[in-house]
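Each chain, letter by letter, is given below.
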Amino acid sequence: MTGHPPSRLAMLLLAALVLALFLLPWVAGRYPIYLAIQVLILAVFSVGFNLLFGYSGLLSFGQAGFFAIGAYGCAKILLAVPNLLLGLAGGVAAAGIAAVVLGILSVRHTRIYFSMLTLAFGMMIFSIAWKWRDFTGGDDGLVGIPRAPLEIPGLLSIDVSAMGHYYYVVLVLSLLAIAAMYRLVHSPLGLTLQAIRDSETRAEFAGVPVRKYRLIAFIIAGLYAGLAGALLTPLENTVTPPVAHWSTSAEPVMATLLGGVHSFAGPIVGAFFFFMIKDVIVRYTEYWLIWFGVIVVALVIGFPGGIMSIFAKRRLPWRPARPSTTQSDKPAATQRHDRISED
């Protein structure tokens, strides 16, 4: 999953994409901007989820719980203090605290037990959001949430009430979050998580505190889910219990499977295709989930490694050729084995 360092052409293409994203409000209408914000939020959500799934080997079905905590935390702060920066920070902090508490309980288990436990915790949060009417508004949710200015007292105050202005807030925070995750998965922490994913027993024998590192990954994924939820609240100006439902947890799972689990860009590409496919289907039928499921199944069967596997299998100009292994490059033990086989 570490792959080769990006080439100059890859960096140019990435720069062109970022430039196009910054120019989008100048050439697109209100709906494409709204759709782009949704894609960016799901990309952040999915990148955090894939730290657990793709890099740590833990499949969580409860990420919507942290997504909802971030959304409700941001909403309550914005209704009390109209400061977007404070609302976003509060939502992320609330999700992080919940991730610490639930992570301590969840990482004691692995495989299906971990997945079912996270699903149970996620539905518990959904139930709280539905029943705690005094705090969450119950099934009516919280409404009238302002898209407050991005304000640092005494330094600056930026009005983001317009959709195009808020788009830039989401874009900058999403790019920073994705860049931070890229740095993290290529750091010693990311490599350690991959070692645990590949062989928990070997990692333990090497002296790696497996449960500690899994807890760290769980907390970081919870923070990313909280950030995504907090970014959604000012966009919609409302938050309701369905954001905590298990079906919301399924969105980053499907986006990651669509794009590719074993590629860093997979969840981001998957988030884009998730909304593009959904946007096309809902124009023709209200039963979009059925057709979306059929398309996802077909893509997963046709491309088990996700959409990004198409590019990985092809010889692209920005992917350096993998150097061939010569006899002198092999370990001494392997060379001895080869000589014995030849004799």
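All chains use their own residue numbering, which begins from 1 and follows the written sequence. Residues qualify for local features only when their pLDDT is at least 70, as the model is predicted, and side-chain atom pairs are given and counted only at 80 or more; totals for whole chains, interfaces and linings, by contrast, use all residues. Excluded from the side-chain calculations are hydrogens and water; all other atoms, namely the structure's heavy atoms, are used.

### Here we look at the overall build of the protein
In step 1: Helix and strand counts for the protein come out as 15 helices and four strands.
In step 2: In this scheme, a residue with accessible area under 20% of its type's maximum is buried, one over 50% is exposed, and one in between is partly exposed, where area comes from a 1.4 Å probe on protein chains only. By the burial criterion, 43% of the 343 residues in the protein qualify as buried.
In step 3: Partitioning the contacts of the protein with sequence separation of at least 6, the portion at a separation of at least 24 is 73%.
In step 4: All accessible areas in this document rest on Shrake-Rupley with a 1.4 Å probe, and a residue is counted as covered only by the protein chains that are shown. Roughly 17900 Å² of accessible area belongs to the protein as shown, and the carbon and sulfur atoms make up 68% of that amount. Segments assigned H or I by DSSP are reported as helices when at least four residues long, segments assigned E as strands when at least two residues long, and all are numbered from the N terminus. Contacts are assigned to residue pairs that have any heavy atoms within 4.5 Å of one another.

### Points about the packing of aromatic side chains
We describe a pair of aromatic rings using the distance from one ring centre to the other and the angle between the two ring planes.
In step 1: Here a Phe, Tyr or Trp ring, Trp counted by its six-membered ring, pairs with any other such ring whose centre lies within 6.5 Å, and the pair is stacked when the planes are under 30 degrees apart, edge-to-face when over 60, and tilted otherwise. Taken as a whole and judged by the stated rule, the model has twelve aromatic pairs.
In step 2: Ring centres of F114 and F218 lie 6.0 Å apart, and the angle between their planes is 85 degrees; this geometry places the pair in the edge-to-face category. Placement of the pair is F114 in helix 5 (residues 111-131) and F218 in helix 10 (residues 210-236), with a sequence separation of 104 residues. For the pair F114 and F218, a shared accessibility class is recorded, and that class is buried.
In step 3: Residues F274 and F275 carry aromatic rings whose centres are separated by 5.4 Å and whose planes lie at 80 degrees to one another, so their mutual orientation is edge-to-face.

### Let's talk about the nonpolar core
In step 1: Note on terminology: a nonpolar core comprises buried Ala, Val, Leu, Ile, Met, Phe, Trp, Tyr and Cys residues joined through side-chain atoms within 4.5 Å. Core analysis: the largest hydrophobic core is formed by 81 residues, its most contacted members being I37, I41, L51, Y166 and M181.
In step 2: When neighbours within four sequence positions are excluded, L51 is seen to be in contact with S56, M181, L184, V185, L193, A217 and I220.

### Remarks on a nonpolar patch on the surface
In step 1: In this analysis, a patch consists of residues with relative accessible area above 30% that form no salt bridge, clustered at 9 Å for like charges and at 5 Å for the nonpolar side chains Val, Leu, Ile, Met, Phe, Trp and Tyr. Every case where a carboxyl oxygen of Asp or Glu lies within 4 Å of a side-chain nitrogen of Lys or Arg is listed as a salt bridge. Together, L85, I152, L155, L156 and I158 make up an exposed nonpolar region whose accessible area comes to about 440 Å².
In step 2: Turning to its location among the elements, L155 is positioned in the loop between strand 2 (150-152) and strand 3 (156-158).
In step 3: On the accessibility criterion, L155 (69% relative accessible area) is exposed.

### Here we look at unusual backbone geometry
In step 1: Located in the positive-phi region is R111, a residue other than glycine, with phi close to 55 degrees.
In step 2: Here R111 is to be found in helix 5.
In step 3: Here the phi dihedral of N237 falls at roughly 60 degrees; this positive angle occurs in a residue that is not glycine.
In step 4: By relative accessible area, which is 28% here, N237 ends up partly exposed.

### Focus on the pattern of salt bridges
In step 1: What the rule picks out here adds up to five salt bridges.
In step 2: Residue R283 is joined to D279 by a salt bridge in which the shortest nitrogen-to-oxygen separation is 3.0 Å.
In step 3: By relative accessible area, R283 is classed as exposed at 57%.
In step 4: Looking at D279, the relative accessible area reads 12%, which means it is buried.

All quantities given are derived from atomic positions and should not be read as evidence of function.
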